[in-house]
Every structure is written in C-alpha cells, then in structure tokens.
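# Coordinate inspection notes
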Amino acid sequence: MKFSINRESLLKPLLLVSGAVERKSTLPILGNILFDVSGKSLTLTATDLELEMVAYAEIDNQSTDGKVTIPARKLLDICKSLPENSLITFTVTDDTVKLSSGRSRYSLSTLPATDFPNIEEWKGDVEFKLLKSEFLRLIESTHFSMANQDVRYYLNGMSIESEGNEIRSVATDGHRLAICKISNDTLSLPARQVIVPRKGILEIIRLLAPVDEEVKIYLGSNHIRIIDSEFTFTSKLVDGRFPDYRRVLPRNGDKIFVTDKEQLRQVLSRASILSNEKFKGVRLNFSHSLLKITANNPEQEQAEEELEIEFPYDELEIGFNVSYVLDVLSAIKDEQVKFTLADANSSVVIEGADSGEALYVVMPMRL
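What you see is a predicted model, and the numbers here were worked out from it, not measured in a lab.

### Here we look at the nonpolar core
The nonpolar side chains of a soluble globular protein tend to be buried with one another. Ranked by size, the top nonpolar core spans 100 residues in total, and within it Leu 10, Phe 35, Leu 42, Phe 90, Leu 264, Phe 286 and Ile 350 carry the most contacts. The element that contributes the greatest number of residues to this core is helix α6 (residues 322-331), accounting for 7 residues. Contact partners of Leu 42, with chain neighbours within four places excluded, come to Phe 3, Ile 5, Leu 10, Phe 35, Asp 36, Val 37, Ala 55, Tyr 56, Ala 57 and Ile 59. With 10 residues, the next largest nonpolar core counts Phe 242, Tyr 245, Val 349 and Val 361 among its residues.

This is the structure we're talking about:
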C-alpha cells in the first residue's frame, strides 16, 4: 500500500484524534492510530477503549486500498517538524511504514490493523442537533465542578440531560454544584440522563469551536456520540446513578446581593493570595453598605479587602473556599452577579444577574 498526502491535510485530523491516544497503556496498539485508505479518502481512528476519535482527510494519490496502524506520538512529531506544505508519501511493507518527504526518510514499525479495537456499532436512542457554540457553552459553564478521582465514581463526570425542549448539564464534587440549561424550541426530546466521564468532557471542550455550526449528538444506553463534518467522537458513559441534585438546591435564601462581577473577582483574587494554600478559605462579612473580605494563613499573614455594596439585611459572616467562587465568576458571562444567601451555615446560590441560564451552589466553610 502506498499513498501521498499534503502535510497540512494530515496534521489537522492527526491533532484531532491524538487526544484519544492512550499514553501509558498495557496494550501497545492503543499507542497507534489506525489509517484506513479507501479511494481518495483517509480515515484516522484512535481509541483508549473509553473514547474513540475518528477524523477524515483527502489524499493526493494512492495505489491500493488498505489499513495500517502507525505509532501516534512519533508520527505527530515527525509531521509537526516537516516544512509547511510538504508532500508526505507513505509506503507500507510487511510490518513497517516508510515516510518520505523531500530528502527526509523515516521508517516506523507498525502493528496489525486487524488487532485494532473497534467500538461496536450502536444506535443512539436520543438524537438532536445543537450549535457547537451552544453545546460548548453548556459544558464550559459546569465542567469545573466535576469531581476528580472521587471514590464516588459517578461524580467523576458530567450529567447530560434531555427533556422536552431543554438540554441540561450538571456537575458536582460534593462541595459545589453547577447547572446550566439551554432551551431550543425546535427540540422535542424524551426525558433522558447520561453521565459522560471527565476525560470525555475535557476532550469535547478541546474539539468544539465556539462557532454557529450544528453538530449531531447521539445518546445511547452505553455511549455518547458527536458527529461533525471533520470528526466523529464517541465516549463510553459512566455506569451509575447521578445524585438527585434538585434535593440539595437551597430554598431558604432570603438575602439577595447583586454586584459587579469583575470587581468582586479582582478583590477575591487578591485576598486569595494570603489564604491557606490547602483550604483556600476566605471570610466574607456583609453589612448594610460594605462587604469586607479577609483571608489569613498559618504564617499569620492577613489580607483585607473592602467593597461597597447594598445589603439591606442583618449583618452576616460566611466563609468559602475562594477557588470555588472564583471558578463560578469566571464561568458567568453577565457583567453583574447575584448571590442568594440565608445564613452562615447554608449554601449560597450564585448566578448571572440577567441570563438565568446557569446556576451555581457553593457550600460554606467553617473558618
């Protein structure tokens, strides 16, 4: 088998699929990418048995159709280092593939294409189309609240839910909760909930651009699949029950405080410099016209910031992990941010003052 392809035509799909390549696998073939040549089209596939990425390219010329698996990391490094617009010729013989471009020659060892694992064919029982920008917003608004290596494995991912004309994303690590919903009048979907694993969510963020182009999304009993003109992404789902987050939404908040998001973000960022590196706690003291933010650390250093506010309620002191609040402020797109508080021991609800698309719950800290 022999075929030639322009470096730029190969580099983009190669970068797309490389995210699914397993770095430290006990199965050597998972470090390879499957090249499938058929006519003028080249299909690249990579998998780590949890995720599968497929991307497409057009080749300049080829002799016969065929399949071969090539070491991903080495091939990507070679392609990146070749001059722009160079033509790369692949010649496959037995268990080696020879790459030639200008005066450059490389020989890489291959593994049998028949051994390459293939995620079984399946049909999604819920399918819908969303703009890439909408789907990306849905995920970026909540992904930072996913747990990381929690023993409650169902928290190490994001719940994607469909119901009627709404799509929701929900993530929680037990200390904070993030919910985002997008309504689309063209949708009419059954009630469905799936948990997409953390790695799959981070890969989706890498793949999607914030553009107004549609992608197809399929939810199955064990997989989620996203189909775009340039790639097909498939991820296994987390097998488990996501907690009923509606039960933990605070209902007793009677104190509402609205302020400029950027101003609040800046004072919290500055105060966090002197917070305890391990616990990241800051204390917020609300009075009628002033919010006082203090942080201190085991070295007896202290930060104090003040912000003018309107707070027509009794004085309130509450502690938070400042990283959690800063994550929320970075995700909210509105210029004004709204806090709904109850007392020092109750969770706070944070949302954008205008949009109401995303809602965040942060548990207080005892300081």
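### Some words on the packing of helix α3 (residues 132-140) against helix α4 (residues 198-207)
The geometry of a pair of packed helices is captured by two quantities: the angle between their axes and the separation between those axes. Interaxial distance between α3 and α4 falls to 10 Å at its minimum, and their mutual angle equals 140°. Between α3 and α4, the interaxial angle falls into the category oblique. Where α3 crosses over α4, the two elements pack in a sense that is left-handed. On α4, the residues that touch Phe 135, Leu 136, Ile 139 and Glu 140 of α3 are Ile 201, Ile 204 and Ile 205.

### Quick look at helix α2 (residues 72-81)
Of the residues making up α2, those classed as buried are Ala 72, Leu 75, Leu 76, Ile 78 and Cys 79. Down the axis of α2, the smallest arc covering the buried residues is 165°, so these residues share one side. Seen from the open side of α2, the exposed residues pointing more than 90 degrees away from its buried face are Lys 74 and Ser 81. Among the structural elements, α1 (7-18), β2 (32-38), β6 (66-71), β7 (87-93), β8 (96-101) and β9 (104-109) are those in contact with the buried residues of α2.

### Focus on the sheet that holds β7
Read from one edge to the other, the open sheet built from 5 strands follows the order β5-β1-β7-β8-β9, with strand pairing classed as antiparallel. Bordering the open sheet on either side are β5 (61-62) and β9, each of which pairs with just one other strand. One ladder, built from 5 bridges, connects β7 with β8; its direction is antiparallel. Paired with Phe 90 across the bridge in β8 is Leu 99. Across the face of the sheet, α1 comes into contact with β1 (2-6) and β7 while running at roughly 90° to β1. Contacts between α2 and the sheet are confined to β7, β8 and β9, with β9 contributing the most and set at about 170° to the helix.

What counts, and at which threshold
Residues numbered from 1 in each chain as written. Predicted model: local features only at pLDDT ≥ 70, side-chain atom pairs only at ≥ 80, totals over all residues. Heavy atoms only, no water. Core = buried A, V, L, I, M, F, W, Y, C linked by side-chain atoms within 4.5 Å. Buried < 20%, exposed > 50% of the residue type's maximum accessible area, 1.4 Å probe, protein only. Helix = DSSP H or I, 4+ residues; strand = E, 2+ residues; numbered from the N terminus. Contact = heavy atoms within 4.5 Å. Axes fitted to C-alpha atoms, helices over the stretch in contact; angles between N-to-C directions. Parallel < 35°, antiparallel > 145°, perpendicular 65-115°, else oblique. Left-handed = near helix turned anticlockwise from the far one by under 90°. Arc of directions from axis to C-beta. Pairing = 2+ DSSP bridges.

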